[in-house]
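# Survey of secondary and tertiary structure
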Amino acid sequence: MASLVRTRTPPPQAQFDDLLIWVFIALLSIGLVMVYSSSIATAEGSKFTHHQATYYLVRHCMFIAVGLLAGVCAFQVPVQTWQAYAPYLFMAGALLLILVLIPHVGREVNGSRRWLSLMVINLQPSELMKLFAVMYAADYTVRKGAIKHLFFKAFLPIFAVMVGAGFLLLLEPDMGAFVVILSIAICTLWLGGFNVKIFGALLLALPLAFAALILSSPYRMQRVIGFMDPWADPYGKGYQLSHALIAFGRGEWLGVGLGGSVEKLFYLPEAHTDFLMAVIAEELGLAGVVSVILLFALLVMRAFQIGRNAAFFERNFSALVAQGIGVWIGVQAAINIGVNMGVLPTKGLTLPFLSFGGSGVVMNCIAAAVLLRVDYENRRLARGLPV
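First, a word on scope: everything that follows refers to the structure included in this document. Just so we're clear, the structure is a prediction, and the values are computed from it rather than from any experiment.

Scoring rules and cut-offs
- Residue indices follow the written sequence of each chain, beginning from 1 at its first position.
- Local features in this predicted model are restricted to residues of pLDDT 70 or higher, and side-chain atom pairs are both shown and tallied only at a pLDDT of 80 or more, whereas totals for entire chains, interfaces and linings draw on every residue.
- The basis for every side-chain value is the complete set of heavy atoms in the structure, and neither hydrogens nor water enter the calculation.
- Between any two strands, pairing holds if DSSP finds at least two bridges.
- Working definition: helices are DSSP H or I runs of at least four residues, strands are E runs of at least two. Numbering for both runs from the N terminus.
- For a helix, the expected span equals 1.5 Å multiplied by the residue count minus one.
- The seven residues ending at a residue and the seven starting there each receive a fitted axis; the angle between those axes is the bend at that residue.
- The classification of residues rests on relative accessible area computed with a 1.4 Å probe and restricted to protein chains. Under 20% of the type maximum is buried, over 50% is exposed, and intermediate values are partly exposed.
- Remark: nonpolar core denotes a set of buried residues (Ala, Val, Leu, Ile, Met, Phe, Trp, Tyr, Cys) joined through side-chain atoms within 4.5 Å.
- Residue contacts are defined here by distance: any two heavy atoms, one from each residue, within 4.5 Å place the two residues in contact.

### Details of the pairing of strand β2 (residues 112-117)
Pairing analysis gives four bridges linking strand β1 (residues 106-109) to β2, with the strands arranged antiparallel. Directly across from E108, in β2, lies its bridge partner R113. Between β1 and β2, which pair antiparallel one after the other, the connecting turn spans two residues, and N110 there sits at a positive phi close to 55°. Counted along the chain from β2 to the antiparallel partner strand β3 (residues 122-123), the turn is four residues long, and its residue M119 has a positive phi close to 70°.

Written out as structure tokens, the structure reads:
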């Protein structure tokens, strides 16, 4: 497999990757503090929250608690079991994406139909689909290993499946999730050693496809126009981005201090979700932004290292799942931070582990547990123990 380099490393002595666990704890902790800081004014000023300043804090604590519990349960599942059920999980995810599009079944918010109401909470199927895409792409790559050089028998089927899932996401619309899932699939196939010539063709075709998607939708076109010059219409198309950039500018080196953000006071929409990084930049400055980026970089590096260790033991599915999770978290974090900084058009993606959102936080915790499980099994194999 192309990048799964089997380098011999000393057998690890600890049962768990303590550094990776602390990275997860740090990201969740920063997210908890910043969600509270960025949502106080919104919660106090909204009838929906009954003017309770701690409304989003309490709900985010609940999401983290559910996520940690789900993560503990997911950690108990052997990686081999995930592989056995990977195709069925992906089909279940596709069914949920269809259900969310049915009127009176899927819940519509701000013109997007992305949620299924479960009375107490809203389920966002696209968040589940990201993990299911990791599992399915890894399983497919391993199953097609003997014919991975064949375009029609190996590459085309999974590409068609992912495009089908992407089509359902675009109907919501949720182009951000589509970009993440497509990135997961393409990177997994690349890591699995599929024909290099195919990816060369994709590098040419994908930009044209995305350009066609943008031109075919006035909604996406307006976002791109606002991204190109937010100051041309700072009270319209460029409103969110202009205020995000103001937040970054106010933060300077060390920020204005925790809780001192002005932009979160009804100026910056979605301050506790999509634009949480802008509040971090304003309150904690460049130091806070760099710290968060370094935590994500460390997480992605460890995911790829865990994948390489799994490949050393010829556990190719485990290796691709670990690296697929690294791709997922890395791409989504990069897009969110890029949007906040005005480097990319607005995509509607949250910041993994940090932003407010039940489905996102829970699935991030489950993904973290699966990654830790791959590492745990690697460590047991290194000591000659059964997994």
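This is not the end of the story, as more comes after the structure.
### Thoughts on helix α3 (residues 79-99)
With 21 residues, α3 ought to run about 30 Å at 1.5 Å a step, and its terminal C-alpha atoms sit 29 Å apart, in line with that. Largest kink in α3: about 55°, centred on Y85, with the proline P87 one to four residues after it. Among the residues making up α3, those that are buried are V79, W82, A86, F90, G93, A94, L96 and L97.

### Brief notes about the sheet that holds β2
To summarise the sheet geometry, strands pair through backbone hydrogen bonds and adopt either a parallel or an antiparallel arrangement. Strand order in the open sheet made by the three strands is β1-β2-β3, with antiparallel pairing throughout. Looking at the sheet topology across the chains shown, the edges are occupied by β1 and β3.

### As for the environment of Q222
Within the secondary structure layout, Q222 lies in helix α8 (residues 218-228). Given a relative accessible area of 37%, Q222 falls into the partly exposed group. Residues Q222 and G238 lie 16 residues apart in sequence; the distance between their C-alpha atoms is 9.3 Å.

### Section: the nonpolar core
With 111 residues, the main nonpolar core has M162, F296, W328, F353 and L354 as its most contacted residues. Those residues within four positions of L354 in sequence are excluded, and the remaining contacts are L27, I30, G31, V35, H60, L276, I280, V292 and F296.

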